[in-house]
Number of protein chains: 2
Amino acid sequence: MSASPTRVSQNRSFGGDQQVFRHDSTVLGCAMNVGIYLPPAAASGPCPVVYWLSGLTCNEQNFITKAAAQEHAARLGLILVAPDTSPRGEGVPDDDAYDLGCGAGFYLNATREPWARHYRMYDYVVDELPALVEAHFPADKERRSILGHSMGGHGALVIALRNPGRYRAVSAFAPITAPSQVPWGQKAFRAYLGEDQAAWAEYDATALLPSAKERLPILVDQGDKDQFLERELKPERFQRACEEAGHPLTLRMQPGYDHSYYTIATFIGDHLTHHATALRATPRL
Amino acid sequence: MSASPTRVSQNRSFGGDQQVFRHDSTVLGCAMNVGIYLPPAAASGPCPVVYWLSGLTCNEQNFITKAAAQEHAARLGLILVAPDTSPRGEGVPDDDAYDLGCGAGFYLNATREPWARHYRMYDYVVDELPALVEAHFPADKERRSILGHSMGGHGALVIALRNPGRYRAVSAFAPITAPSQVPWGQKAFRAYLGEDQAAWAEYDATALLPSAKERLPILVDQGDKDQFLERELKPERFQRACEEAGHPLTLRMQPGYDHSYYTIATFIGDHLTHHATALRATPRL
């Protein structure tokens, strides 16, 4: 079990509290910052928890300062948890490129050196972080959901698909939907996982979708002016996999929108409403 | 007249466009970045313009990325204009301190060297910037309002009080209300204006209030956990001046809120609604 979190910052926001806490992660072997928003409803009892996974180059600050999510979380009674995107700090391997190493953990468990010791964001997000949040905050242990952006959209889809029953809802903004087939994913998978294509498939939403054990409806918003759309994101491949498997997907191509947090801020209310509806409903499993 | 603005960035946001443009300012003698949000309504005709003045250390990015204002501006049909907080760049004098020089223009016209040539943010905000906006964007030339935060709240109050009839509404978050009486203001006024107390009074909302020629209702939000409240902001002095003059002031002390953009994001909707109501009404002059 991890050590208790210490509070780094606290700001009143929409009647609730936007906090950042820091804790020593056993899984990652380093200290980690995590953003957590506690809605006003958390003062009087446990609330469902929505996990947000950010994209390349981000840390825990991007979502909490730019996504305009607190207004909706306050209204809907949702706790928002926004971790960093990779291990960091002294002794943690890094790379000069923005798309490998710190800021680019890809929400997987690395098996290759020098990454294998610290780069275990999959286990961190699936197990260690929820255990910590549920032990130290007024979190409803039975009601979790997950979403993210770009690399974090990939992470949210993969984590939901691989853990049936663990999340009540999943959604993504501009996710990397088929990382095994695009430059960002191939570079990261080769470095973190080696050349074994079967290992890659375990972190590829389009590859995982056909064997999904749970028909969790998926909401995806994708801007049609996103500068990474054709090269890195390829939502049409994921859409085809969903169609072939009969998996419920709502893919919204948003005209004029790009890859930025301006897009996230515009549609985060729709996503959190989607999550809140599922989190309040009786589970379908 | 200034040269035409060039577009630095453009992001779709809530159906409108968040842009940053750059232009050569004649008044300031340097190039300036300005954030401008065009709501969906601007596609079909002129919209009222709300000017936002940021606080110490900010540039044009803080408000457009952190204030969550676009949602409200889109709904209310308001153009939002967010300039930088000072002149910047090669040849512009600066100081190592965060509260003097670049990032700390205090929305005044400096008269002392080395500041007098470039530090003319008062003229820039009152005259040059609106002329530019009204020449190049679908701005309603008759409907302007102004608000700001901290140093920018001071600027908004001073500019509205000194220019009766020019703005339909004014409001502020955590404004420096009596700069002649507090360390931030005294340091800036001494550097930019010298020791002449009469010159200071021209940029001090509490000093200007008794001779206000227009009873523009003022809305102020002030967090009671603001770390600068007692030393720098002193809303009670401004409140007393308004009471003595019978000037309409709504001062809301917000429990638990601090000096950050989390506070601004929480209440910006109230402020923009206040502005929109006044901007749509028949002028009272």
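Rules used throughout
- Residues numbered from 1 in each chain as written.
- Chains lettered and ligands numbered in written order.
- Predicted model: local features only at pLDDT ≥ 70, side-chain atom pairs only at ≥ 80, totals over all residues.
- Heavy atoms only, no water.
- Buried < 20%, exposed > 50% of the residue type's maximum accessible area, 1.4 Å probe, protein only.
- Helix = DSSP H or I, 4+ residues; strand = E, 2+ residues; numbered from the N terminus.
- Bend = angle between axes of the 7 residues up to and from the residue.
- Contact = heavy atoms within 4.5 Å.
- Disulfide = S-S within 2.5 Å.
- Least-squares fit on C-alpha atoms with pLDDT ≥ 70 in both.
- UniProt positions renumbered as here; feature names shortened; annotations may be inferred.
- Polar contact = N/O pair within 3.5 Å; in protein donor to acceptor, adjacent residues only side chain to side chain.
- Buried area = accessible area lost by both parts, 1.4 Å probe.
- Salt bridge = Lys/Arg side-chain N within 4 Å of Asp/Glu carboxyl O.
- Phe/Tyr/Trp six-rings, centres within 6.5 Å; stacked < 30°, edge-to-face > 60°.

**Quick word on unusual backbone geometry**
Then, in step 1: The omega torsion across E113 of chain A and P114 of chain A is 5°, close enough to zero to call that bond cis.
Then, in step 2: Positive phi outside glycine occurs at F106 of chain B, with the angle close to 60°.
Then, in step 3: For F106 of chain B, a relative accessible area of 0% puts it in the buried group.
Then, in step 4: Its identity as a non-glycine residue notwithstanding, Y107 of chain B has a phi of 55°, on the positive side.
Then, in step 5: Of note, Y107 of chain B is situated in the loop between strand 5 (79-83) and helix 3 (121-136).
Then, in step 6: A residue is classified by how much of its surface remains accessible, and Y107 of chain B, at 1% relative accessible area, is buried.

**Regarding helix 3 (residues 121-136) of chain A**
Then, in step 1: The largest bend along helix 3 of chain A measures about 35° and falls at E128 of chain A, with the proline P130 of chain A one to four residues further on.
Then, in step 2: Where helix 3 of chain A is buried, its residues contact strand 2 (16-25), strand 3 (30-38), strand 4 (47-53), strand 5 (79-83), strand 6 (139-149) and helix 4 (151-162) of chain A.

**A word on the state of the cysteines**
Residues and elements named next belong to chain B.
Then, in step 1: The final tally for this structure, using the stated rule, is zero disulfides over all chains.
Then, in step 2: Summary of cysteine pairing: C30 is not part of a disulfide, and the nearest cysteine sulfur, belonging to C102, is at 8.3 Å.
Then, in step 3: Looking at C30, the relative accessible area reads 9%, which means it is buried.

**Thoughts on the relation of the copies chain A and chain B**
Then, in step 1: Superposition of chain A onto chain B requires a rotation of 180° combined with a translation of 0.0 Å along the rotation axis, giving an RMSD of 0.0 Å. When the rotation and shift are considered jointly, the pair of chain copies conforms to a two-fold rotation axis.
Then, in step 2: When you check the interface residues of chain A against chain B, 100% turn up at the interface there too, and the contact is symmetric in its surfaces.

**Details of the UniProt feature "active site" (unreviewed entry) in chain A**
Residue and element names in this part refer to chain A.
Then, in step 1: Following the UniProt record, the feature "active site" (unreviewed entry) maps to S150, D226 and H259 here. A maximum C-alpha distance of 10.7 Å is found for the annotated residues, which run over 110 residues; spatially they form one tight group.
Then, in step 2: With respect to the secondary-structure elements, S150 resides in the loop between strand 6 and helix 4.
Then, in step 3: Sequence-distant contacts of S150, that is, excluding residues within four places in its chain, are made with G55, F173, A174, P175, I176, W184, L233 and H259.
Then, in step 4: Residue position: D226 is located in the loop between strand 8 (218-223) and helix 8 (229-233).
Then, in step 5: If sequence neighbours within four positions are ignored, D226 has contacts with A174, L233, Y257, D258 and H259.
Then, in step 6: Polar side-chain contacts of D226 include one of 3.2 Å to the side chain of Q222.

**A few points about the interface of chain A and chain B**
Then, in step 1: Every contact between the two is made by 23 residues of chain A and, on the other side, 23 residues of chain B.
Then, in step 2: Buried surface at the junction of chain A and chain B, summed over both partners, amounts to about 1,800 Å²; 51% is from carbon and sulfur atoms.
Then, in step 3: The largest per-residue losses of area from chain A upon contact with chain B belong to R12, F14 and Y262 of chain A, which jointly make up 39% of the total buried on that side.
Then, in step 4: Remark: the boundary between chain A and chain B carries zero salt bridges.
Then, in step 5: On the surface where chain A and chain B come into contact, there are ten residue pairs in polar contact (both at pLDDT 80 or more).

**Looking at the packing of aromatic side chains**
Then, in step 1: Here the structure, examined in full by the defined rule, presents 20 aromatic pairs over all chains.
Then, in step 2: Seen from their ring centres, Y119 of chain B and Y192 of chain B are 5.6 Å apart, and the 20° between their planes marks the pair as stacked. Residue Y119 of chain B is found in the loop between strand 5 and helix 3, and its partner Y192 of chain B is found in helix 5 (residues 183-193); the two are separated by 73 residues along the sequence. For the pair formed by Y119 of chain B and Y192 of chain B, the shared burial category is buried.
Then, in step 3: One aromatic cluster in this structure is built from W52, F63 and F173 of chain A.

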